[in-house]
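Read off the chains here:
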Amino acid sequence: QVQLVESGGGLVQAGGSLRLSCAASGRTFSSYAMGWFRQAPGKEREFVATISLSGISTYYADSVKGRFTISRDNAKNTVYLQMNSLKPEDTAVYYCNAVRGIRIPIALFDAWGQGTLVTVSS
């Protein structure tokens, strides 16, 4: 299993950019497809993006497609989320987790991390 720590969130104006990182500890990181999720105040946690084991294939929620880019560096045990053209509706706590498959954005691990807060001002 892996332990996950998210970082990189902060305050940004609409139209700005942020890059989130998810650091994974454990020797089986490269064995999992990974995903980013987010939860806005008063909302359910939702899928944002996933990436395959190799990093070749990606999958995005319609709401972020064309603006966000997920990537991974297996040598560094890290998953990234580059967020461009940010909108106020992107405001949320962002979490990472392993997923069952690139087109199956269901979290594998029950224990979620603290996440990292992204706040986009209008």
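Refer to the structure presented above.
Keep in mind the model is a prediction, meaning the values are calculated, not measured. (Residues numbered from 1 in each chain as written. Predicted model: local features only at pLDDT ≥ 70, side-chain atom pairs only at ≥ 80, totals over all residues. Heavy atoms only, no water.)

A.B. asks: Which parts of the structure should I look at to understand the pairing of strand β3 (residues 18–25)?
C.D. replies: Along any regular strand the residues' side chains alternate between the sheet's two faces. Along β3, the buried face is formed by Leu18, Leu20, Cys22 and Ala24; none of Arg19, Ser21, Ala23 and Ser25, which line the opposite face, is buried. When β3 meets strand β8 (residues 78–83), the two strands line up antiparallel, connected through 6 bridges. Opposite leucine 18, over in β8, you have methionine 83 as the bridge partner. (Buried < 20%, exposed > 50% of the residue type's maximum accessible area, 1.4 Å probe, protein only. Helix = DSSP H or I, 4+ residues; strand = E, 2+ residues; numbered from the N terminus. Pairing = 2+ DSSP bridges.)

A.B. asks: What should I look at first to understand the nonpolar core in this one?
C.D. replies: Buried together is how nonpolar side chains tend to be arranged in soluble globular proteins. In this structure, Trp36, Leu81, Met83 and Tyr94 are the most contacted members of the largest nonpolar core, which totals 34 residues. Looking at this core, the elements that each hand over two or more residues are β3, β4 (33–39), β5 (46–51), β7 (68–73), β8, β9 (92–101) and β11 (116–121). Top element by residues in this core is β9. It accounts for 5 residues. Apart from residues lying up to four places away in sequence, methionine 83 is in contact with Gly16, Ser17, Leu18, Leu20, Arg67, Phe68, Tyr94 and Val118. (Core = buried A, V, L, I, M, F, W, Y, C linked by side-chain atoms within 4.5 Å. Contact = heavy atoms within 4.5 Å.)

A.B. asks: Looking at this model, I keep getting lost on the environment of methionine 83. Mind explaining?
C.D. replies: By the element assignment, methionine 83 lies in strand β8. Look at methionine 83 and you get buried, because its relative accessible area is 0%. Residues methionine 83 and glycine 66, spaced 17 residues apart in sequence, show a C-alpha to C-alpha distance of 9.7 Å.

A.B. asks: Would you mind going over unusual backbone geometry with me for this structure?
C.D. replies: Notably, asparagine 77 is not glycine yet its phi reads approximately 55 degrees, a positive angle. Judged by relative accessible area, which is 22%, asparagine 77 ranks as partly exposed. Despite not being glycine, serine 85 shows a phi value in the positive range, around 50 degrees. With respect to the helices, strands and loops of the structure, serine 85 is situated in the loop between β8 and β9.

A.B. asks: Mind showing me how you'd approach the packing of aromatic side chains here?
C.D. replies: The way to describe two aromatic rings as a pair is by their centre distance and the angle between their planes. Inspection of every chain in the model, using the stated rule, returns 4 aromatic pairs. Centroid distance phenylalanine 47 to tyrosine 59: 5.2 Å. Interplanar angle 25 degrees. Geometry classified as stacked. Taken as a pair, phenylalanine 47 in strand β5 and tyrosine 59 in strand β6 (residues 58–60) lie far apart in primary sequence, 12 residues in all. On the numbers, 5.9 Å between centres and 80 degrees between planes, the contact of tyrosine 95 with tryptophan 112 is edge-to-face. Taken together, the residues tyrosine 95 in strand β9 and tryptophan 112 in the loop between β10 (104–107) and β11 connect sequence positions 17 residues apart. A residue is classified by how much of its surface remains accessible, and tryptophan 112, at 27% relative accessible area, is partly exposed. Members of the aromatic cluster, connected to one another through ring pairs, are Phe37, Tyr95 and Trp112. Sitting over the ring of tyrosine 80, arginine 19 keeps its end group 4.1 Å from the ring centre. Over the ring of tryptophan 112 we find arginine 45, and its NZ or CZ is 3.9 Å from the ring centre. (Phe/Tyr/Trp six-rings, centres within 6.5 Å; stacked < 30°, edge-to-face > 60°. Lys NZ or Arg CZ within 6 Å of the ring centre and 35° of its normal.)

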